[in-house]
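# Report on the structure
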Amino acid sequence: MIGRLNHTAIAVPDLKAAARVYGQTLGAEVSTPRALPQHGVTVVFVSLPNTKIELLEPLGENSPISAFLKRNPAGGVHHLCYEVEDIFAARDHLLARGARVLGDGEPKIGAHGKPVLFLHPKDFCGVLVELEQA
Ligand code: CO
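Below: a short report on this structure. (Residues numbered from 1 in each chain as written. Predicted model: local features only at pLDDT ≥ 70, side-chain atom pairs only at ≥ 80, totals over all residues. Heavy atoms only, no water.)

### Section: the pattern of salt bridges
The tally for this structure, following the rule as stated, stands at five salt bridges. Across the pair E83 and R4 runs a salt bridge whose closest N-O atoms are separated by 3.5 Å. Placement of the pair is E83 in strand β6 (residues 76–84) and R4 in the segment before β1 (5–11), with a sequence separation of 79 residues. A relative accessible area of 13% means that E83 is categorised as buried. Residue R4 is classed as exposed on the basis of its relative accessible area, which comes to 53%. The partner of R100 in a salt bridge is D123, and the shortest N-O contact between them spans 2.8 Å. Linking R100 in the loop between α3 (87–96) and β7 (108–109) with D123 in the loop between β8 (115–119) and β9 (128–133), this pair joins segments that are 23 residues apart in sequence. Among the residues examined, R100 registers a relative accessible area of 40% and is labelled partly exposed. (Salt bridge = Lys/Arg side-chain N within 4 Å of Asp/Glu carboxyl O. Helix = DSSP H or I, 4+ residues; strand = E, 2+ residues; numbered from the N terminus. Buried < 20%, exposed > 50% of the residue type's maximum accessible area, 1.4 Å probe, protein only.)

See below:
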């Protein structure tokens, strides 16, 4: 069911420092920071030949990554995003197999303007999983 790895998201306490690590130390192509207030994050996109890395810094009071950064003050891998062809079919497939979809179970428009869902990390080897309709 899942297809390509769309991105790996890394939560960071300092986006400028993280962008320097990826842009200068690792020599990757990094975007300018983009504020996504509706998602509670500011993001820098790192383009790799086969996938993307997203560096996420909290934005605003109720950022969904604040609790994660409290537990992981130096930052860490926050989620993996896999592409699916049909987000509703994927959701129904997962629910039928007992997996937990976060929130109200309805896809939301994600950072790339496409429908996404998040899946409970306890059902997926301890890692938060995002599904994005390709
Ligand atoms: Co993501």
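From this point, the narrative continues.
### Quick notes on unusual backbone geometry
Peptide bonds are, in most cases, trans, and in most cases residues other than glycine have a negative phi. Positive phi, close to 60°, is recorded for C125, a residue that is not glycine. Take C125: it is sitting in the loop between β8 and β9.

### Points about the pairing of strand β4 (residues 41–47)
Along β4, six of the seven residues are buried, which leaves the element largely enclosed by surrounding structure. Sheet topology note: the strand β2 (residues 29–30)/β4 ladder contains two bridges and is antiparallel. Counterpart to E29 in the pairing with β4 is S47. Two strands pair when backbone bridges link them, and strand β3 (residues 34–36) and β4 are joined in this way by three bridges, in the antiparallel orientation. (Pairing = 2+ DSSP bridges.)

### Here we look at the pairing of β8
Relative to β8, β7 is paired through two bridges, and the arrangement is antiparallel. Residue pairing for β8: I109 is matched across the bridge by P115. Where β7 hands over to β8, the hairpin turn is made up of five residues, of which G113 adopts a positive phi near 75°.

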